[in-house]
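Examining the three-dimensional arrangement
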Amino acid sequence: MSIKTRFLLSYVAVIIIAITLLIAAGFLFSFAITGDVKAIEHFYKKSYVQKPLTTVEESAFLDLKVLAKNSPQQLLDIEQLQKIGDSSIGIVVRKDHQLIYTSHSNHEQMLLNSLPGFEATNINTRDTIMMENSFYTYVKFDFYFPDDTEGSIFVLKQVSSHAEVIRELLPILLGILFLFFMMIIGLLNYLVSRSIIKPISTLKEGAKRIKSGDLNFAINVHSNDEIGQLNRSFEEMRIKLKDSVQLQLQYEENRKELLSNISHDLKTPITSIIGYVEGIKDGVANTEEKMDKYLTTIYTKAKDLDLLIDELFLFSKLDLKKLPFNVETIDLHQYIRDYVEEASFDLVSREIHVQYTSFNKPLYVMADRDKLRRVLANLLSNSEKYMDKQEKQITISLLEKSDEVVIQVMDNGIGIDPNALPLIFDRFYRAEPSRNSQTGGSGLGLAIAKQIVLEMDGDIWVTSELSKGTSIFFSLKKAEEKVRNSEKNITN
Ligand SMILES: Nc1ncnc2c1ncn2[C@@H]1O[C@H](COP(=O)(O)OP(=O)(O)O)[C@@H](O)[C@H]1O
Ligand SMILES: [Mg+2]
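Residues numbered from 1 in each chain as written. Chains lettered and ligands numbered in written order. Predicted model: local features only at pLDDT ≥ 70, side-chain atom pairs only at ≥ 80, totals over all residues. Heavy atoms only, no water.

Taking an unreviewed UniProt entry as the reference, the protein is identified by name as histidine kinase belonging to Lysinibacillus zambalensis. If you open the UniProt record of the protein and go to Catalytic activity (unreviewed entry), you find "ATP + protein L-histidine = ADP + protein N-phospho-L-histidine." Recorded in UniProt for the protein, the comment headed Subcellular location (unreviewed entry) runs: "Cell membrane". (UniProt positions renumbered as here; feature names shortened; annotations may be inferred.)

As structure tokens, this is what we get:
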């Protein structure tokens, strides 16, 4: 059974029960107040049965009233009375508790009992009485006969019997009830379907789409109730799933690209190594000078290969978190000064000017010496690789922050396109996809640097301006901060 049907059935049940209880309560209530079961009957009588007299009956009543006012003794004349109304009109003349005349002679006694008493003021002249399960509506006029006895004239009209009233009212009542019932069911159904069924259907639809592999839709949530929360969680799940699928696809793409890159990068030096070796074998390198040149080339190409393989190996180990880190307190100022001094030998020979600016005071940070060296080497090699100026300038600076030290490596190279900026730390990403040998690289340099910096609790970011230059920043936690933090952790 669907939820919708279940709700529908439960409304029907609730409404039936409610109506039954309401009727029962109504009966009990009126009984409790009046102590009389007939009170309800009275209600019907008052509300539904008071129908007006016909014009013929009204004019008969007026005739009688004129007689009663002007010559009441004529009301004792039966023949006169018979003339006033035909037999269909119920006329009653009463004189001092005696019925002088009645057109319905069959229940005189009952009429005497049921008709209202004398009232000289003639205020309550119209009402309904009940006789033998039948309702009668009447008009009354009270007057005095010449002998000063109390006289009353009535024109009566049978309205309907008790059963008839019920019979007459029942369909209307039932109709109203049914209408009411349908309206409530309709309304409840609308409300429930809007607040429950619809969101559930949306959820079902969403689940179906996810099942079929479609994640490109959104579940709009408007309510904050349990179902709204469920839909919200579902929507979050869809977004996460979509992200992870996209990431998966991205990985897949990266892997394919890497494979093709590696193949290309391995193939180029190997092809030239093979070429040079064949040259030696065929005796092309017939002079010592040529031989030396050939061997040097083979050696450099093999070195390049070795480097590339190292890089891949390092990255995969970092990626798998399989590389041990030997983090220790080091004086960054001295470390970088030494590093720059050492690197300058090489760089100066390629006309690159390296400058180091610092406060000239010890700055203790927590870092792994070898890994830090790797990061700096990668950054410097990029600055060198992506350099297009005559005056090649690389500046390394230290910036001290409250709990960390930021290292800035700035160059005046080609700069990075703003669109590429967020991607350069991604594995295998290269802003310039054509892999010429001069700027060739795996696209792993910055990814490796990022992995290392993150592993040492730092952060890495970039600012760049196209054709002006690039600054790569990375931060390292200060040593004393580390000590303080770990002390805090211990005391906590
Ligand atoms: N100093 C820089 N100047 C200009 N572009 C840079 C610089 N450093 C990195 N890039 C860009 O970021 C990309 C990713 O760098 P990296 O991960 O080291 O890969 P690779 O050097 O192998 O290309 C580079 O391909 C390059 O486009
Ligand atoms: Mg690089």
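Back to the write-up after that little detour.
1. A word on the pairing of strand S1 (residues 90-95)
With six of its six residues buried, S1 lies for the most part within the structure. Neither face of S1 is exposed, since Gly90, Val92 and Arg94 on one face and Ile91, Val93 and Lys95 on the opposite face are all buried. In terms of strand pairing, S1 meets strand S2 (residues 98-102) through four bridges, oriented antiparallel. Following the sheet pairing, Val92 is matched in S2 by Thr102. Once S1 ends, the chain turns through two residues before running back antiparallel as S2, passing Asp96 with a positive phi of about 50 degrees. (Buried < 20%, exposed > 50% of the residue type's maximum accessible area, 1.4 Å probe, protein only. Helix = DSSP H or I, 4+ residues; strand = E, 2+ residues; numbered from the N terminus. Pairing = 2+ DSSP bridges.)

2. Digging into the site of ligand 1
In the vicinity of ligand 1 lie 20 residues, with Tyr386, Asp411, Arg430, Gly443 and Leu446 positioned nearest. In the environment of ligand 1, an oxygen atom lies 3.3 Å from a nitrogen or oxygen atom belonging to the backbone of Gly445. The separation between an oxygen atom of ligand 1 and a polar main-chain atom of Leu446 is 2.8 Å. Here ligand 1, which alone exposes 530 Å², has 97% of that area covered by the protein. Looking at the shell around ligand 1, the elements with two or more residues in it are helix H10 (369-385) and helix H11 (445-455). The element that contributes the greatest number of residues to the shell around ligand 1 is H10, accounting for three residues. Of the residues in the shell around ligand 1, the class split is eight nonpolar, eight polar and four charged. (Near = heavy atom within 4 Å. Polar contact = N/O pair within 3.5 Å; in protein donor to acceptor, adjacent residues only side chain to side chain. Areas by Shrake-Rupley, 256 points an atom, 1.4 Å probe, with all protein chains shown as cover. Nonpolar A, V, L, I, M, F, W, Y, C, P; charged D, E, K, R; others polar.)

3. A closer look at the packing of aromatic side chains
One pass over the full model with this rule turns up eight aromatic pairs. Between Tyr276 and Tyr294 the ring centres are 5.0 Å apart and the planes differ by 80 degrees, which places this aromatic pair in the edge-to-face class. Highlighted residues: Tyr276 in helix H7 (residues 226-281) and Tyr294 in helix H8 (residues 288-319), separated in sequence by 18 residues. With a relative accessible area of 25%, Tyr276 lands in the partly exposed category. Taking relative accessible area as the criterion, Tyr294 reaches 15% and is therefore assigned buried. Aromatic ring contacts, followed pair by pair, group Phe141, Phe143 and Phe145 into a single cluster. Above the plane of the ring of Phe217 lies Arg238, whose end atom (NZ or CZ) is 5.2 Å from the centre. (Phe/Tyr/Trp six-rings, centres within 6.5 Å; stacked < 30°, edge-to-face > 60°. Lys NZ or Arg CZ within 6 Å of the ring centre and 35° of its normal.)

4. Some points on the UniProt feature "transmembrane region" (unreviewed entry) in the protein
Sequence positions flagged by UniProt for "transmembrane region" (unreviewed entry) are, in local numbering, residues 7-33 and 169-192. With 100% helix and 0% strand, the stretch residues 7-33 has end C-alpha atoms that lie 38 Å from each other. In residues 169-192, the share of helix is 100% and the share of strand is 0%. The end C-alpha atoms are 34 Å apart.

5. Thoughts on the sheet that holds strand S10 (residues 404-411)
Two pairing modes exist for strands in a sheet, parallel and antiparallel, and in both the strands are linked by backbone hydrogen bonds. Ordered in space as S7-S9-S10-S12-S11, the five strands form an open sheet in which the pairing is mixed. Edge positions in the open sheet fall to strand S7 (352-357) and strand S11 (460-465), since each of these has one partner strand only. Taking the axes of each pair of neighbouring strands and ignoring which way they run, one obtains an average angle of 15 degrees across the sheet. In terms of strand pairing, S10 meets strand S12 (residues 469-477) through eight bridges, oriented antiparallel. The residue bridging Val405 from the neighbouring strand is Leu476, located in S12. (Axes fitted to C-alpha atoms, helices over the stretch in contact; angles between N-to-C directions.)

6. Side note on helix H9 (residues 332-349)
Compared with the 26 Å implied by 1.5 Å per residue over 18 residues, the 26 Å span of H9 between its first and last C-alpha is a close match. Along H9, the residues that are buried comprise Leu332, His333, Tyr335, Ile336, Tyr339, Val340, Ala343, Ser344 and Leu347. With a side-chain oxygen positioned 3.1 Å from the backbone nitrogen of His333, the residue opening H9 is Asp331. Where H9 ends, the next residue or the one after it, Glu351, has phi of about 60 degrees, a positive value. (Expected span 1.5 Å × (residues − 1).)

7. Here's the deal with the nonpolar core
Among the nonpolar cores identified, the biggest contains 51 residues, and Leu332, Ile336, Leu372, Ile396, Phe474 and Leu476 are the most heavily contacted of them. Aside from chain neighbours lying at most four places away, what touches Ile396 is Ile336, Val340, Val354, Gln355, Tyr356, Thr357, Leu380, Ile407, Gln408 and Val409. Residues Leu53, Leu67, Leu81 and Val93 belong to the second largest nonpolar core, which totals 18 residues. (Core = buried A, V, L, I, M, F, W, Y, C linked by side-chain atoms within 4.5 Å. Contact = heavy atoms within 4.5 Å.)

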